[in-house]
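# Results of the structural survey
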Amino acid sequence: MKKIKYILPFLLILSMNGFAQEKKFEFGAKAGGNYSIYTGTDDLGLYAGFFAQYKLNEKFSLQNELLFSTTDDIYFLEFPVLLKYKFSNTLYAFAGPKLTWLLNDEKKYTASSYPDDFYYFKPLGIATEIGIQHDLFQNVFIEGRFGFNFTKQIDNIFYGERYHSGVHTIKAGIGYVF
């Protein structure tokens, strides 16, 4: 019985140490360029932000992100929640929903010489993103992703006609895991 008193705490400490070895949470930062398409217009912009990733098991993880993105003087905060699948030690695929929050005013005039040509923006958009990630080094990765906006977040008034559109994006960037 006395041996069990000494062995049990020792085994408990060893098992806790084993769990501590497994890295379940990862945090990092990412940045890159984006190509946005909306109401017949396409623009280049940038994105940057932070992410937190929780490892569910050997193949799957859940990644939450907070990103700031720009497109032609339009500014967004993006909140993707992505399910990530590990194909190999360096290759991943991910997909999930994304909320986009417009930071600009709701009305933006274009640089057009036509006074009746302008955009109306809705502040909240719902989208989905899919993409791939490739680890270059131990803590450095590159990614490519496509975002499809389900919400018609932009109304474009052109020559008195109204066009509804979501902001669809193609992004390429680099990231670092702390």
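Below is a summary of the structure that appears in this document. (Residues numbered from 1 in each chain as written. Predicted model: local features only at pLDDT ≥ 70, side-chain atom pairs only at ≥ 80, totals over all residues. Heavy atoms only, no water.)

Turning to the environment of Gly49, a few remarks are in order. Residue position: Gly49 is located in strand β2 (residues 41–55). By relative accessible area, Gly49 is classed as buried at 10%. Not counting chain neighbours up to four residues away, the residues in contact with Gly49 comprise Gly28, Ala29, Lys30, Leu66 and Leu67. (Helix = DSSP H or I, 4+ residues; strand = E, 2+ residues; numbered from the N terminus. Buried < 20%, exposed > 50% of the residue type's maximum accessible area, 1.4 Å probe, protein only. Contact = heavy atoms within 4.5 Å.)

With that settled, consider the sheet that holds strand β9 (residues 140–149). Adjacent strands of a sheet form backbone hydrogen bonds with each other and so pair up, either parallel or antiparallel. Taken in spatial order, the eight strands close into a barrel running β1-β2-β3-β4-β5-β8-β9-β12, and their pairing is antiparallel. The average angle at which neighbouring strand axes cross in this sheet is 25 degrees, direction not considered. Summarising the sheet, β9 and strand β12 (residues 168–177) pair through eight bridges and their orientation is antiparallel. Looking across to β12, one finds that Gly144 is bridged to Ala172. (Pairing = 2+ DSSP bridges. Axes fitted to C-alpha atoms, helices over the stretch in contact; angles between N-to-C directions.)

Bringing empty space enclosed by the protein into the picture now. Once rolled over the atoms, a probe with the size of a water molecule shows which space is left empty. Here the structure, examined in full by the defined rule, presents one cavity of 30 Å³ or more. Its boundaries defined by the atoms lining it, the largest cavity holds a volume of some 80 Å³. Lining the largest cavity are 14 residues; nearest its centre among them are Glu78, Lys98, Thr100, Val167 and Thr169. Contributing elements (two or more residues each) for the lining of the largest cavity: β1 (25–38), β3 (60–71), β4 (74–86), β5 (91–102) and β9. (1 Å grid on protein atoms, 1.4 Å probe; cavity = no way out; pocket = protein on both sides within 12 Å on 5 of 7 lines; lining within 4 Å. Points joined across faces, edges and corners; volume = space filled by probe spheres on them.)

You can see Asn139 is positioned in the loop between β8 (124–135) and β9. We classify Asn139 as partly exposed; its relative accessible area is 26%. For the pair Asn139 and Gly28, spaced 111 residues apart in sequence, the C-alpha separation works out to 9.0 Å. With residues near it in sequence (within four places) discarded, Asn139 still touches Gly175, Tyr176 and Val177.

This next bit is on the side chain of Thr70. Here Thr70 shows up in strand β3. Its relative accessible area of 18% is what places Thr70 among the buried residues. Dropping the residues within four chain positions of it, Thr70 is found in contact with Asn34, Gly45, Leu46 and Tyr75.

This next bit is on the layout of surface pockets. Its volume calculated, the largest pocket comes out at about 510 Å³. Taken together, 26 residues form the lining of the largest pocket, with Glu26, Gln53, Lys86, Tyr92 and Asp135 sitting closest to its centre. Contributions of two or more residues to the lining of the largest pocket are made by β2, β3, β4, β8 and β9. With four residues, β2 is the largest single contributor of residues to the lining of the largest pocket. Of the residues in the lining of the largest pocket, the class split is nine nonpolar, eight polar and nine charged. (Nonpolar A, V, L, I, M, F, W, Y, C, P; charged D, E, K, R; others polar.)

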